[in-house]
Every structure is written in structure tokens, then in C-alpha cells.
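What follows is each chain in one-letter form.
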Amino acid sequence: MDIAIIHGQNHKGSSYHVGRLLVDQIPGENEITEFFLPRDLNHFCLGCYRCIENDADCPWYEQKKAIVDAMERADLLVFTTPTYCMAPSASMKALFDLTFTMWMSHRPRGSMFRKKAVVISTSAGSPTTGALKGVAQNLFYWGVPEIYRYGTRVEAMNWESVKPKIKQKIEKATAKLAKKLGKNTPPRVGIKTRFMFFMMAGMQKANYNASPIEKEYWQHEGWLGKARPWKNA
Ligand SMILES: Cc1cc2nc3c(=O)[nH]c(=O)nc-3n(C[C@H](O)[C@H](O)[C@H](O)COP(=O)(O)O)c2cc1C
């Protein structure tokens, strides 16, 4: 299985280790590509909207492309982020801002509809819900149909100080999820994804878009007709 891991932090703390624990327990021959943010994408969106007409016109296109290409190649996407102020890290959010044209409302990548994803977040003590949702919601709008969330309170500022009992609990939970993912079955495309896709196709048909380029893209993919991205090989 081809796996892309996107870490929303440069350091190898609890979120990194939980992500690696999961991936390293997935059975089979796995090809793993890892990115660390902001190391591998150290910019914020300027709001210039140049990407609406052409992704390559983004000033940070080359850095973004390396990450997006790896994600497109992957069967499984894994995102790790510490919970920062009840939300994902700013670097993780910057990645999503910088790839907003991949949302279903613009020019979604067909490959995203054929992947699974896991979102991982650790916090010191508060719920991780906000951080997990911040990432998972974005993935949903990219078209990823099967998204798992795993959040855990580690009661620590780094992995070394996490108590053995908490580490055992994490090992157990990640082993269970790794076993499931190791089956490498095609993702389930649920009603929510299908409905959102249908709504977005309707918007493009009605020319309710940010540029005519978007409608041309949907037409070219055949999505305004009968073609569906989750059915393509
Ligand atoms: C800027 C910042 C904001 C944080 N905000 C929260 C928070 O809202 N809730 C919480 O429980 N912990 C918070 N923490 C603690 C971290 O979420 C926690 O230590 C986490 O496990 C760190 O993950 P890491 O080791 O991968 O960096 C915050 C830490 C930092 C540095």
C-alpha cells in the first residue's frame, strides 16, 4: 500500500509517534512518504486567487505540488496534528488554505474519491474534537469518502513523558485500526459524499462557480454527465 503521512508539525512529538505507531503496524509491504509542516510548505495563502485560473500560478506551487502529487499517488492518507487551542496546528491549516481549489466546490481531484484517510491528534487534556474535525472536514470536501479519526489526551508536552499506561492504550487502539486498514479494501463511498458531489455538479451546471474554468474541468472529467470519480480505476 502507498501511504502519505502529513505531519502538521516539524517535531517528532506525541502526534508524530501516534501516527507512526499506526502506520508501522499496518500489515504488508507499504511504501511510506512523509511530509513535515511547515518544513515542507512554509507559507500562508496570500488570498491572490491566482490558483482559481491556474494552480501553477500560486507562488508556492512547487512546494505544494510535491505534497499533492504524493497524496494523489497514495492509497491511504494519514494526517497528524497536535491540538493547538482546540484546533489543528496553523501549519496544517495553511496546507488546506493553499489547496482550497481542490475542494468539491472548485476542481476536486478524482483520485481523492478513491482513498481512505486517518486523522490523528493528541492534546494535553482537552478534547481533540476540534483539531480532528478541522482536518476531517477538509478531507471530506476534497472528496475523500472514508475518514477515520483518532484523538487522544496524552497528559504530556512530549512523547517521552507520556505515561506507559496511556501509551499502552494508544498501542491497542492503533493496532486495531491498522489491522482494519491492512485489508486494503476499496473505500466505501457513502451517501454524504455522493450527495455533496451531486450538489456541486448542480452548481457547476448552473454556472455558479468562481470561474468558467471550473465548469470546463467538470465537463472534461465527464462529471456533469454520468461519470463518477469513485468509479474510475
Ligand atoms: C500552542 C499550543 C497550544 C495548545 N493548545 C492545547 C489545547 O487547546 N488543549 C490541550 O489539551 N492541549 C493543548 N496544547 C498541548 C498539546 O496539544 C499537547 O501537548 C500535544 O500532545 C502536543 O503534541 P506533540 O507532542 O505532537 O506536539 C497546546 C500546546 C501548544 C504548544
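Residues numbered from 1 in each chain as written. Predicted model: local features only at pLDDT ≥ 70, side-chain atom pairs only at ≥ 80, totals over all residues. Heavy atoms only, no water.

**Q** Quick question: what am I supposed to make of a positive patch on the surface here?
**A** A surface patch of like charges, here positive, comprises Lys 172, Lys 176, Lys 179, Lys 180 and Lys 183. Looking at the element boundaries, Lys 176 is found in helix 6 (residues 164–182). (Patch = residues over 30% accessible without salt bridge, like charges linked within 9 Å, V, L, I, M, F, W, Y side chains within 5 Å. Areas by Shrake-Rupley, 256 points an atom, 1.4 Å probe, with all protein chains shown as cover. Salt bridge = Lys/Arg side-chain N within 4 Å of Asp/Glu carboxyl O. Lys, Arg positive; Asp, Glu negative; His and termini not counted. Charge placed at Lys NZ, Arg CZ, Asp CG, Glu CD. Helix = DSSP H or I, 4+ residues; strand = E, 2+ residues; numbered from the N terminus.)

**Q** What's the story with the sheet that holds strand 5 (residues 146–153) in this structure? I'm lost.
**A** As a general point, the strands of a sheet are linked pairwise by backbone hydrogen bonds and lie either parallel or antiparallel. Taken in spatial order, the five strands line up as 2-1-3-4-5 in an open sheet, and their pairing is parallel. Two strands close off the open sheet at either side, each with one partner strand: strand 2 (31–36) and strand 5. Ignoring strand direction, the axes of neighbouring strands in this sheet form an average angle of 15°. Where strand 4 (residues 116–123) meets strand 5, eight bridges bridge the pair, whose relative direction is parallel. Paired with Ser 123 across the bridge in strand 5 is Arg 153. (Pairing = 2+ DSSP bridges. Axes fitted to C-alpha atoms, helices over the stretch in contact; angles between N-to-C directions.)

**Q** It is not clear to me how the packing of helix 7 (residues 191–205) against helix 8 (residues 212–221) should be interpreted in this structure. Could you clarify?
**A** The description of two packed helices rests on the angle between their axes and on the distance between the axes. Across the interface, helix 7 lies against helix 8 with an axial gap of 9 Å and an inter-helix angle of 125°. Taken as axis vectors, helix 7 and helix 8 run oblique relative to one another. Note that helix 7 runs across helix 8; the crossing there is left-handed. On the side of helix 7, the interface is formed by Phe 197, Met 200, Ala 201, Gln 204 and Lys 205, while helix 8 contributes Glu 214, Lys 215 and Trp 218. For the contact of helix 7 with helix 8, the class distribution of residues is four nonpolar, one polar and three charged. (Parallel < 35°, antiparallel > 145°, perpendicular 65-115°, else oblique. Left-handed = near helix turned anticlockwise from the far one by under 90°. Contact = heavy atoms within 4.5 Å. Nonpolar A, V, L, I, M, F, W, Y, C, P; charged D, E, K, R; others polar.)

**Q** Explain the nonpolar core to me, please; I cannot follow it from the model alone.
**A** Side chains of nonpolar character tend, in soluble globular proteins, to be buried together. Formed by 26 residues in total, the largest nonpolar core has its most connected members in Ile 6, Met 71, Leu 77, Phe 79, Leu 95 and Leu 139. Looking at this core, the elements with two or more residues in it are strand 1 (2–7), helix 3 (61–73), strand 3 (76–82), helix 4 (90–98), strand 4 and helix 5 (129–142). A total of five residues in this core trace back to one element, the largest contributor, which is helix 5. If near-sequence neighbours (up to four positions away) are discounted, Leu 77 is found in contact with Ala 4, Met 71, Met 112, Lys 115, Lys 116, Ala 117, Val 118 and Val 144. With 23 residues, the next largest nonpolar core counts Leu 76, Val 154, Ile 166 and Ala 178 among its residues. (Core = buried A, V, L, I, M, F, W, Y, C linked by side-chain atoms within 4.5 Å. Buried < 20%, exposed > 50% of the residue type's maximum accessible area, 1.4 Å probe, protein only.)

**Q** In this structure, what is going on with the packing of aromatic side chains? I would like to understand it.
**A** The description of an aromatic ring pair rests on the distance of the ring centres and on the angle between the ring planes. Summed over all chains, the structure comprises 15 aromatic pairs. A ring pair is formed by Phe 79 and Phe 96, whose centres lie 6.0 Å apart and whose planes are at 45°; its orientation type is tilted. Here the residue Phe 79 occupies a position in strand 3, and Phe 96 occupies one in helix 4, the gap between them amounting to 17 residues. Considering the side-chain rings of Phe 197 and Trp 223, the 5.7 Å spacing of their centres and the 70° angle between planes classify their relative orientation as edge-to-face. Linking Phe 197 in helix 7 with Trp 223 in the segment after helix 8, this pair joins segments that are 26 residues apart in sequence. Grouping residues by exposure puts Phe 197 and Trp 223 together as buried. In textbook terms, an aromatic cluster arises when at least three aromatic residues are bridged by ring pairs, as seen for Phe 113, Phe 197, Tyr 217, Trp 218, Trp 223 and Trp 230. Over the ring of Trp 159 we find Lys 167; its NZ or CZ atom is 4.8 Å from the centre of that ring. The ring of Phe 140 is capped by Lys 192, whose NZ or CZ atom sits 4.6 Å from the centre of that ring. (Phe/Tyr/Trp six-rings, centres within 6.5 Å; stacked < 30°, edge-to-face > 60°. Lys NZ or Arg CZ within 6 Å of the ring centre and 35° of its normal.)

**Q** Sorry if this is basic, but what is going on with the pattern of salt bridges here?
**A** When the charged atoms of two side chains lie near each other, side chains of opposite charge can form a pair. Under the counting rule described, the total for this entry stands at ten salt bridges. One salt bridge in this structure joins Lys 93 and Asp 97, with 2.7 Å as the shortest N-O distance. With Lys 93 and Asp 97 both in helix 4, this residue pair falls four residues apart, about one helical turn. Residue classification places Lys 93 among the partly exposed residues on the basis of a relative accessible area of 46%. Overall, Asp 97 belongs to the partly exposed group, its relative accessible area being 29%.

**Q** Teacher, can you tell me more about the site of the ligand here?
**A** Around the ligand lies a shell of 17 residues, among which His 11, Ser 15, Thr 83, Ser 126 and Ala 156 are the nearest. Between the ligand and Met 86 there is a distance of 2.9 Å, counted from an oxygen atom to a backbone nitrogen or oxygen. Interatomic distance of 2.8 Å between a side-chain N/O atom of Thr 122 and an oxygen atom of the ligand. In isolation the ligand exposes 650 Å². Once the protein is present, 74% of that is buried. Grouping the amino acids of the shell around the ligand by side-chain chemistry returns eight nonpolar, nine polar and no charged. (Near = heavy atom within 4 Å. Polar contact = N/O pair within 3.5 Å; in protein donor to acceptor, adjacent residues only side chain to side chain.)

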